[in-house]
Amino acid sequence: MVDALNQAFNSVSAAANASQTGIAIATGDTVLDVNNDSVIQSTYKDSNWSGDIKAFKLAWNKASQGWDRVEGVPGTWSANELLKSNTNRHIFAYNGTSTQAFTSGNASAFTNLLGVSGNDAQNLIDYVRGGSSNELDTQGNGKYRARLGDKMGTVVNSQVVSIPQSKQVPAGCGAYADASATNRNTIYGVASNDGMYH
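First things first, this report covers the structure right here in the doc. (Residues numbered from 1 in each chain as written. Predicted model: local features only at pLDDT ≥ 70, side-chain atom pairs only at ≥ 80, totals over all residues. Heavy atoms only, no water.)

Some thoughts on the packing of aromatic side chains
(1) Moving on: In total, this model carries 4 aromatic pairs according to the counting rule given.
(2) Moving on: Summarising the aromatic geometry, the rings of Phe 102 and Phe 110 are spaced 5.0 Å apart at their centres and angled 75° between planes, so their arrangement reads as edge-to-face.
(3) Moving on: Residue Phe 102 is classed as buried on the basis of its relative accessible area, which comes to 9%.
(4) Moving on: A relative accessible area of 2% places Phe 110 in the buried class.
(5) Moving on: Sitting over the ring of Phe 56, Arg 69 keeps its end group 3.8 Å from the ring centre.
(6) Moving on: A cation sits over an aromatic face here: Arg 147 above Tyr 127, 3.8 Å from the ring centre. (Phe/Tyr/Trp six-rings, centres within 6.5 Å; stacked < 30°, edge-to-face > 60°. Buried < 20%, exposed > 50% of the residue type's maximum accessible area, 1.4 Å probe, protein only. Lys NZ or Arg CZ within 6 Å of the ring centre and 35° of its normal.)

Digging into the side chain of Ser 158
(1) Moving on: Here Ser 158 is to be found in the loop between α5 (118-128) and β8 (161-163).
(2) Moving on: At 2.8 Å, the side chain of Ser 158 and the backbone oxygen of Ala 191 are in polar contact. (Helix = DSSP H or I, 4+ residues; strand = E, 2+ residues; numbered from the N terminus. Polar contact = N/O pair within 3.5 Å; in protein donor to acceptor, adjacent residues only side chain to side chain.)

Digging into the layout of surface pockets
(1) Moving on: There is about 570 Å³ of room inside the largest pocket.
(2) Moving on: Lining of the largest pocket is provided by 21 residues; of these, Ala 79, Leu 82, Leu 83, Tyr 188 and His 198 occupy positions nearest its centre.
(3) Moving on: Sorting the residues of the lining of the largest pocket by element identifies α3 (79-85) and β9 (187-189) as the ones contributing at least two each.
(4) Moving on: The class makeup of the residues in the lining of the largest pocket is 14 nonpolar, 6 polar and 1 charged. (1 Å grid on protein atoms, 1.4 Å probe; cavity = no way out; pocket = protein on both sides within 12 Å on 5 of 7 lines; lining within 4 Å. Points joined across faces, edges and corners; volume = space filled by probe spheres on them. Nonpolar A, V, L, I, M, F, W, Y, C, P; charged D, E, K, R; others polar.)

Side note on a nonpolar patch on the surface
(1) Moving on: On the surface, a nonpolar cluster with roughly 360 Å² of combined accessible area is contributed by Val 161, Ile 163, Ile 187 and Tyr 197.
(2) Moving on: Inspection of the secondary structure assignment puts Tyr 197 in the segment after β9.
(3) Moving on: Classification of Tyr 197 as exposed rests on a relative accessible area of 54%. (Patch = residues over 30% accessible without salt bridge, like charges linked within 9 Å, V, L, I, M, F, W, Y side chains within 5 Å. Areas by Shrake-Rupley, 256 points an atom, 1.4 Å probe, with all protein chains shown as cover. Salt bridge = Lys/Arg side-chain N within 4 Å of Asp/Glu carboxyl O.)

Focus: the nonpolar core
(1) Moving on: The biggest cluster of nonpolar side chains holds 10 residues, and these are Ile 40, Ile 53, Ala 55, Ala 79, Leu 83, Met 152, Val 155, Val 160, Tyr 188 and Val 190.
(2) Moving on: When contributions to this core are tallied by element, the ones reaching two or more residues are β3 (50-61) and α3.
(3) Moving on: Setting aside residues no more than four positions away along its own chain, Ala 79 makes contact with Asp 52, Ile 53 and Met 152.
(4) Moving on: In terms of nonpolar packing, the next biggest core, distinct from the first, is built from 7 residues, Ile 91, Phe 110, Ala 121 and Met 196 among them. (Core = buried A, V, L, I, M, F, W, Y, C linked by side-chain atoms within 4.5 Å. Contact = heavy atoms within 4.5 Å.)

Here you go:
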């Protein structure tokens, strides 16, 4: 029995791109967005502890009498891929007294919570924001876990939430909220195990 378990664990860890979508589906983490004709699904890869939220379309396949997943067309996307190319992320954190922009330029506002200061605080914040300059490389250089290019933490036991476009102007909101509430796209949110709500 021990040999069988070891063989099973070795098989899983040897997978080139083991994606654990089954866990996300089992926890109810697939959203059907009827308004945008999309399916939104969370996944994670245990090979590098990264996650993703993907939007894809469904197309009816007459031959198989089933639905096919369609990617690479307008309206489909990957949050992880979008984060990889976004160098201007808007990340905010509460520092114990107020909410501040979580940037390396603002590191002094977070030194008490981070337990480091100066360049170490700036480097840690840069890493959390997706920077890779201080990730461990194959020679052991670097300070932080290598993410192998992925920027989003695992999404397990967290449900994707759809916040659709408002159909009417919310009462009692300021001018900015009134003008933008009915003009924005549907927003999707999910908590990931990197400590962020994306």
